[in-house]
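Each chain, written out:
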Amino acid sequence: MGNCKTTVEIGDIFLIKANEENGITPKYGDLYRPKFFIVMGKAPDGSIYGCVHFNSDLNREYIAPGYEEFYLPISDKEYSFLDHDSYIDCVKLKVASESKLLSGIFMGKIKQIHYNAIKQKVCLSPRNESLFLRMLGL
């Protein structure tokens, strides 16, 4: 763990200071929200990475009916950095640059079984355009 990473690989998990640029709305006038981003794919030129992120719980006020299936429940026992059961939001990929990810804290890698389940949900979600998915290698 820590900031010893100099490259971004598929499956890496970073704790970043996410903001609107990354598709995350900070709370109550904050400049950012700390979020665990999981790298799912990248553009061929490395300009952007498609990521999903962990959520503490399902905010049902903001989830469109029928979209609950695009959240993957994860037990806090699965990853040492989680202090409570969480969900991985697979509804819409978030974008991040390599510099944004590397400026965060490297937390480890997603388990292959979870990566496969996330990828399936990401590819099935109507909020992710197929052209964008193909560009990211998904």
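What counts as what
Residues numbered from 1 in each chain as written. Predicted model: local features only at pLDDT ≥ 70, side-chain atom pairs only at ≥ 80, totals over all residues. Heavy atoms only, no water. Helix = DSSP H or I, 4+ residues; strand = E, 2+ residues; numbered from the N terminus. Core = buried A, V, L, I, M, F, W, Y, C linked by side-chain atoms within 4.5 Å. Buried < 20%, exposed > 50% of the residue type's maximum accessible area, 1.4 Å probe, protein only. Contact = heavy atoms within 4.5 Å. Phe/Tyr/Trp six-rings, centres within 6.5 Å; stacked < 30°, edge-to-face > 60°. Lys NZ or Arg CZ within 6 Å of the ring centre and 35° of its normal. Polar contact = N/O pair within 3.5 Å; in protein donor to acceptor, adjacent residues only side chain to side chain. Pairing = 2+ DSSP bridges. Expected span 1.5 Å × (residues − 1). Arc of directions from axis to C-beta.

Novice: Would you mind going over unusual backbone geometry with me for this structure?
Specialist: Phi is mostly negative for residues that are not glycine, and the peptide bonds are mostly trans. Positive phi, normally seen in glycine, also occurs at Tyr28, with a value near 45°. Within the fold, Tyr28 resides in the loop between strand E1 (12–18) and strand E2 (33–42).

Novice: I keep staring at the nonpolar core and nothing clicks. Help me out?
Specialist: Soluble globular proteins tend to bury their nonpolar side chains together. Residues Ile13, Ile38, Phe54, Ile88, Ile110 and Ile118 are the most contacted members of the largest nonpolar core, which totals 22 residues. Of all the secondary structure elements, the ones that give two or more residues to this core are E2, strand E3 (49–55), strand E4 (71–74), strand E5 (86–96) and helix H2 (112–124). Contact partners of Phe54, with chain neighbours within four places excluded, come to Ile13, Lys35, Phe36, Ile38, Ile74, Phe81, Leu82, Ser86, Tyr87, Ile88 and Ile110. Ala18, Val39, Tyr49 and Ala96 belong to the second largest nonpolar core, which has twelve residues in total.

Novice: Would you take a moment to explain the packing of aromatic side chains for this structure?
Specialist: Ring pairs (aromatic) are described by centroid distance and by the angle formed between their planes. Evaluated as defined, the whole model comprises seven aromatic pairs. An angle of 85° between the planes, with centres 6.0 Å apart, marks the rings of Phe36 and Phe54 as edge-to-face. Of this pair, Phe36 sits in strand E2 while Phe54 sits in strand E3, and the two are 18 residues apart along the sequence. Exposure remark for Phe36: the relative accessible area of 17% places this residue in the buried category. Put simply, the rings of Phe36, Phe54, Tyr79 and Phe81 touch in pairs and so form one group of aromatic residues. A cation sits over an aromatic face here: Lys5 above Phe106, 5.0 Å from the ring centre. Here the guanidinium or amino end of Lys111 rests over the ring plane of Tyr79, the centre of that ring lying 5.3 Å away.

Novice: It is not clear to me how the side chain of Asn128 should be interpreted in this structure. Could you clarify?
Specialist: Summarising the element assignment, Asn128 is placed in the loop between H2 and helix H3 (130–135). On the accessibility criterion, Asn128 (6% relative accessible area) is buried. Here the side chain of Asn128 touches Val122 through a polar contact of 3.0 Å, landing on its backbone oxygen. In this view, Asn128 contacts Cys90, Val91, Lys92, Leu93, Val122 and Leu133; residues no more than four positions away in its chain are not counted.

Novice: What should I look at first to understand the pairing of E3 in this one?
Specialist: The side chains of a regular strand alternate between the sheet's two faces. Here E3 lies mainly inside the structure; seven of its seven residues are buried. Sheet topology places E2 next to E3; five bridges connect them, and they run antiparallel. Across the sheet, Phe37 pairs through a bridge with His53, a residue of E3. Once E2 ends, the chain turns through six residues before running back antiparallel as E3, passing Gly46 with a positive phi of about 75°. By the bridge criterion, six bridges tie E3 to E5 in an arrangement that is antiparallel. Within E5, the residue paired with Tyr49 across the bridge is Ala96.

Novice: What is the right way to look at H2 in this model?
Specialist: Because each turn of an α-helix spans 3.6 residues, side chains separated by three or four positions in sequence point in the same direction. Taking 1.5 Å of rise per residue, 13 residues should cover 18 Å, and H2 covers 18 Å from first to last C-alpha, within 8% of that figure. Within the span of H2, buried status applies to His114, Tyr115, Ile118 and Val122. One face of H2 carries all of its buried residues, which in axial projection span an arc of 100°. Across from the buried face of H2, at angles greater than 90 degrees, the exposed residues are Gln112, Ile113, Gln120 and Leu124.

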